[in-house]
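Each chain, written out:
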Amino acid sequence: MAALFWRCFLFVYVLCFALFSGDSLAADASVFYDFKVSYITASPLGVPQQVIAINKQFPGPLLNATTNNHVVVNVQNELDEPLLLTWSGIQMRRNSWQDGVLGTTCPIPPKWNFTYQFQVKDQIGSYFYFPSLNFQRASGGFGPIIINNREVIPIPFPQPDGEITFIIGDWYTKNHTALREILDSGRELGMPDGVLINGKGPFKYNSSVPDGIEYETVHVDPGKTYRIRVHNVGISTSLNFRIQNHKLLLVETEGRYTSQANFTDFDIHVGQSYSFLVTMDQNATSDYYIVASARFVNETVWQRVTGVAILHYSNSKGSASGPLPAPATDVSKPWSVMNQPRAIRQNTSASGARPNPQGSFHYGQINITHTYILRSLPPKKINGSLHATLNGISFANPSTPVRLADFYKVKGAYKLDFPDKPLDRPPRLANSIINATYKGFIEVVFQNNDTKVQSFHVNGYSFFVVGMDFGNWTQERRGSYNNWDAISRSTVEVYPGAWTAVLISLDNVGVWNIRVENMDRWYLGQETYMRITNPEENGKTEMDPPDNVLYCGALKSMQKEQHHSAATSILKGHLKLFYSMLMVMLVSVFFVC
């Protein structure tokens, strides 16, 4: 009898632990993270500088979740200025309160705590998080996000032998406050000081690289296949990623499986994330270069802006040497550069987060309800200061975030008058946003009349990339759209003097940011928001503000002083529930066993 009791007790304990751990088999399990955001000193390019670390790590730790998990991230702001973390590409269903951008959320004051709570509903794939305020991403604070498939949903390729993550990006030895001052003075930032790979500088591949720089070494086993996730978290530079003598088999981008295609190198623009399968099928006579180099610039002048890491086979017989491998595509031939992004197609037979095929949503057969043409131009002075614009408007963030102003009926916080096409008028500062219609199906054309490659991102959504070309978009260009297997993603490149067209199904209520990911242009005002409300709101299409919502602007008097961590209360609540259920189940053991 005693043996039976202890077997029952052990079963109940394991069941309770599984129900409340991050590794729960339950469909809507929770994962918990504590992020302490602070400054540390690091020397990624051999020069000591102040960087933003999370839990003393630079880059920050991996946030690992599974489809439908509830994610709880307790953020402690140890910086000397306000902070917001945003979750690039995460489609927070009905919950723009947790989006972490200034138009929807009040910042976390210095020395304060805020706990983000959101569900990664029906999502898989590769993403990253970063600080969205005050140019802080230029100093760090970023890290990778992986959302895994549920076990019942197969991935459309053999299970890899391992996973490797690369965080790449251009980098300045000045910190974000100094870079802000340069932009505020009306100057351009100029050439970066280098490119980092996982927070480290380049391997000394030639004499131009100073001695003593720490570089990244990736250890692999011969014959094995690895899933390699690459995120460009940089400021403004498109980067070409390649691994010497190895093929990159593209399989996923920002939550959608792609038709699989091999590449020798791949252009990854600011804010974009990709997954590749790489098989270690080369001999081990030496190590191999991993390269991230500046793209769509004068590459001869920018040679020093190159990130170099090392791929080391476990049976390698020597170090890498010789010149770096070169990209296959010559960017001096602009018409050829679009061949690669045009080759990215959706794998219409693969399951995503759900068992239905990814291509079962026939976007090409849906009538467009509205078209928005968003044109970017080189920055211009407005009222004596340099600003970047969309359709002639440089966005001025309201002191009271839009969603908070709506909920508490604050008048005059913003205007619903953002133009749906460029207008012939002088540029101006305004807090104009788009008044979008719930369940609409819109066409957005990003028209880049600036001089640089730009990446555009839409929070809370993924969109179908149906077309891109050089010149100015006209309605006749719709005849070239891909209406069958266009990739769906959240960040897309737009070449200078060119356009990219996307289609978006407006099924997620809230207030969602549309912005350029190039941080210099974003900082200078090249963004707006979509306000999407349901006229038949019944409490099911949008969440109420969270209990720990922060107040600012016209509502700052509502903010109470913070005396304890909100996350502590949440965790205590989970523990209390855990012990309560454990006691109930233990009592049951006495009667059953």
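Details of the structure are given in the entry above.
Quick notes on the rules
- Residues numbered from 1 in each chain as written.
- Predicted model: local features only at pLDDT ≥ 70, side-chain atom pairs only at ≥ 80, totals over all residues.
- Heavy atoms only, no water.
- Helix = DSSP H or I, 4+ residues; strand = E, 2+ residues; numbered from the N terminus.
- Buried < 20%, exposed > 50% of the residue type's maximum accessible area, 1.4 Å probe, protein only.
- Contact = heavy atoms within 4.5 Å.
- Pairing = 2+ DSSP bridges.
- Axes fitted to C-alpha atoms, helices over the stretch in contact; angles between N-to-C directions.
- Core = buried A, V, L, I, M, F, W, Y, C linked by side-chain atoms within 4.5 Å.
- Polar contact = N/O pair within 3.5 Å; in protein donor to acceptor, adjacent residues only side chain to side chain.
- Phe/Tyr/Trp six-rings, centres within 6.5 Å; stacked < 30°, edge-to-face > 60°.
- Lys NZ or Arg CZ within 6 Å of the ring centre and 35° of its normal.

### Quick notes on the overall build of the chain
Check the secondary structure of the chain and you find six helices and 33 strands. Each of the 593 residues in the chain was classed as buried or not, and the buried ones make up 57%. Put simply, of all contacts in the chain between residues at least 6 apart along the chain, 78% involve residues at least 24 apart.

### Quick notes on the sheet that holds strand 3 (residues 63-66)
A sheet is described by the order of its strands in space; here four strands give the open sequence 3-8-7-5, paired in mixed fashion. A single partner strand is all that each edge strand has here, and the edge strands are strand 3 and strand 5 (85-88). For this sheet, the mean angle separating the axes of adjacent strands, direction not counted, is 25 degrees.

### Remarks on the nonpolar core
In terms of nonpolar packing, the biggest core is built from 119 residues, with Trp 87, Tyr 116, Phe 166 and Met 530 touching the most fellow members. If sequence neighbours within four positions are ignored, Met 530 has contacts with Ile 434, Ala 436, Ile 442, Val 458, Tyr 461, Leu 506, Gly 510, Val 511, Trp 512 and Ile 514.

### Let's talk about the side chain of Thr 400
Residue placement: Thr 400 occurs in the loop between strand 23 (393-395) and helix 4 (402-407). In this structure Thr 400 comes out as buried when scored by relative accessible area, which is 2%. Within the structure, Thr 400 has its side chain in polar contact with the backbone nitrogen of Ala 554 (distance 2.9 Å).

### Notes on the sheet that holds strand 27 (residues 454-458)
Here five strands make up an open sheet; going across it, the order is 25-33-32-27-30 and the pairing mixed. Of all strands in the sheet, those bounded by a partner on one side alone are strand 25 (434-437) and strand 30 (491-494). When the angles between neighbouring strand axes are averaged without regard to direction, this sheet yields 25 degrees. Pairing between strand 25 and strand 33 (residues 527-533): four bridges, direction parallel. The residue bridging Asn 435 from the neighbouring strand is Arg 531, located in strand 33.

### As for the packing of aromatic side chains
As enumerated under the stated definition, the model contains 29 aromatic pairs in all. Ring centres of Phe 135 and Tyr 523 lie 5.6 Å apart, and the angle between their planes is 70 degrees; this geometry places the pair in the edge-to-face category. Taken together, the residues span a long stretch of sequence, with Phe 135 in the loop between strand 7 (125-131) and strand 8 (143-148) and Tyr 523 in helix 5 (residues 519-523) at a distance of 388 residues. Feature note: the residues Tyr 33, Phe 35, Trp 87, Phe 114, Tyr 116, Phe 118 and Tyr 129 constitute an aromatic cluster, connected by ring pairs. Taking the ring centre of Phe 130 as reference, the NZ or CZ of Arg 137 above it sits at 4.5 Å. The ring of Phe 296 carries Arg 295 above its face, with NZ or CZ at 5.7 Å from the centroid.

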